[in-house]
Amino acid sequence: MEEPPIGDVFGEMIRDAYAVRTGVGPRPLAGGRVPRPVIEVIERDDGLINGAPADHYLDEPRQWEEQDHRALRLCRGHVLDIGVGAGRTAVELQRRGMAVTGLDTSAGAIAVARERGLRDTVLNTVDAYASASARYDTFLLLGNNLGLIENAERAPVFLAALARLANPGARIIAQGTDPYGTTDPVHVGYHQRNREKGRLGGQLRLRLRYRRLATAWFDYLNCSVAELDALLAGTRWRLATIDDADRPYYLAVMELRE
C-alpha cells in the first residue's frame, strides 16, 4: 500500500465539514447525492486508529461543554487563540467585543475561520510568530490544545515563544487531559512503552488522516497536572490554578513570572 500524500488534512476536513453544515460549496457525497459525514481519523504510532465527527469544530456556544464557557470567562485583554481551527472560540470572543487573534498552521482552517467572521488571523507557527511585534495578555489553548507543547524537550521552546509575545501579567489558559486514570490495556501498555523509551507516559505520536491525505507524524502531549508543573520549572511561566471539575480533563491557568 502506498503512503498517503502529505497535505493540509485539517483544512480540507474543516472546509468539507463547513460545507456540509451550511450547504454551501462542494461537499463529499455518499451515493452521489447525500452529504457524507466528515470524520477525522487519528492514527497513533502503535497502530491504534480512532475516528470522530469533525462537525464539533464548528459548534456554537450553546453546544459547548461548560468548561469552555468557564475558560472564556478567564480571558482578558488582547487574546491569541492558538490552534484556532475554524474559529469556534475566537469568533465568540470577537462577538463579546474582545480583541482576539486566531493563529493556526492550517490555511484551510484559517479560511473557514475568516468565512465565519474572524477578522484577525495569522497563518504561522508559534515559533515563527514569536518574532512579531504584537503582544498579548491571554494565550488560549482550548480543545485539549495543551497537547501542542508536544513533549518535555519541546515544551520550554514553545513556552519561551509565548513569553516573547506576552505583555506583563499575561496568562495561558489551556485545556489538558490526564491520561492515567484509564484501565484500558491498550492505553496502559502504550504509557508503559513510552516510559521505557524515556518519554512521558501520555506523550502521543500521531498523524491525522482525511480522505486521501495525511499529516506528517507529530507529538501531542496528554499529561498529569504534576507533569505539567514539572514542565514549567525553569520557564517564565508558573502554574496558578487548576480547574479539574471535569476530570480527566482540566483547565490550567499559567501566569507569566515577574
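Along each chain, residues carry numbers from 1 onward, in the same order as the chain's sequence is written. Reporting in this predicted model follows two pLDDT cut-offs: at least 70 for local features of residues, and 80 or more for side-chain atom pairs to be given and counted; totals over whole chains, interfaces and linings ignore these cut-offs and use all residues. The basis for every side-chain value is the complete set of non-hydrogen atoms in the structure, without hydrogens or water.

As a further point, take the side chain of T235. Here a helix means four or more residues in a row that DSSP labels H or I, a strand means two or more in a row labelled E, and each is numbered from the N terminus. On the secondary structure map, T235 appears in the loop between α8 (225-232) and β13 (237-243). Among the polar contacts made by the side chain of T235, one reaches the main-chain carbonyl oxygen of L232 at a distance of 2.7 Å. The definition of a polar contact used here is a pair of N or O atoms within 3.5 Å, where within protein one atom must be able to donate a hydrogen and the other to accept one, and adjacent residues in sequence count solely through side-chain atom pairs. Only 3.1 Å separates the side chain of T235 from the backbone nitrogen of W237, close enough to count as a polar contact. We call two residues in contact whenever any of their non-hydrogen atoms come within 4.5 Å of each other. When near neighbours in sequence (up to four residues on either side) are disregarded, T235 contacts P156, L159 and R257.

What follows concerns empty space enclosed by the protein. It is the rolling of a water-molecule-sized probe over the atoms that shows where space remains empty. Grid spacing is 1 Å over the protein atoms alone, the probe is 1.4 Å, and a cavity is where that probe fits but cannot get out, while a pocket is an open set with protein on both sides within 12 Å along at least five of seven lines and lining residues have an atom within 4 Å of a point. Grid points are joined across faces, edges and corners, and a volume is the space filled by probe spheres set on the points. All chains considered together, the criterion is met by 1 cavity of 30 Å³ or more. In this structure, the largest cavity encloses a volume near 40 Å³. What lines the largest cavity is D59, E60, P61, W64, G87, R88, V91, E92, R95 and R116. All residues other than Ala, Val, Leu, Ile, Met, Phe, Trp, Tyr, Cys, Pro, Asp, Glu, Lys and Arg, Gly among them, are scored as polar; the first ten of these are nonpolar and the last four charged. A class-by-class count of the residues in the lining of the largest cavity yields 3 nonpolar, 1 polar and 6 charged.

In this section: helix α3 (residues 88-95). Owing to its 3.6 residues per turn, the α-helix aligns residues three or four sequence positions apart on the same side. Across the 8 residues that make up α3, a large majority, 7, are buried. The buried label goes to any residue with under 20% of its type's maximum accessible area, the exposed label to any with over 50%, and the partly exposed label to all in between, with areas taken from a 1.4 Å probe on protein chains only. The complete set of buried residues in α3 reads R88, T89, A90, V91, E92, L93 and Q94. For α3, the elements touching its buried residues are α2 (66-73), β5 (79-82), β6 (100-104), α4 (107-115) and β8 (136-141). Looking at the residues trailing α3, positive phi occurs at G97, about 85 degrees.

Okay, unusual backbone geometry next. Cis geometry is adopted by the peptide bond preceding P248, which originates at R247 and carries an omega value of 15 degrees. Among the structural elements, P248 can be located in the loop between β13 and β14 (249-256). A positive phi is found at N144, a non-glycine position, where the angle reads about 65 degrees. Within the secondary structure, N144 sits in the loop between β8 and α6 (155-164). Residue E150 is not a glycine yet carries a positive backbone phi of 75 degrees. In this fold, E150 is placed in the loop between β8 and α6.

Residue alternation in β5 divides its side chains into two sets, V79 and D81 and L80 and I82, and both sets are buried. The pairing criterion is simple: DSSP has to find at least two bridges between the two strands. As defined by bridge partners, β5 adjoins β6 across 4 bridges and the pair is classed as parallel. Looking at the pairing, D81 lines up with G102 of β6. In this fold, β5 hands off to α3, which returns the chain to β6; that crossover is right-handed. In the sheet, β5 pairs with β8 via 3 bridges, with the strands oriented parallel. Within β8, the residue paired with V79 across the bridge is T138. We call a crossover right-handed when, viewed with both strands directed away from the observer, the connection leading from the first strand over the helix to the second proceeds clockwise.

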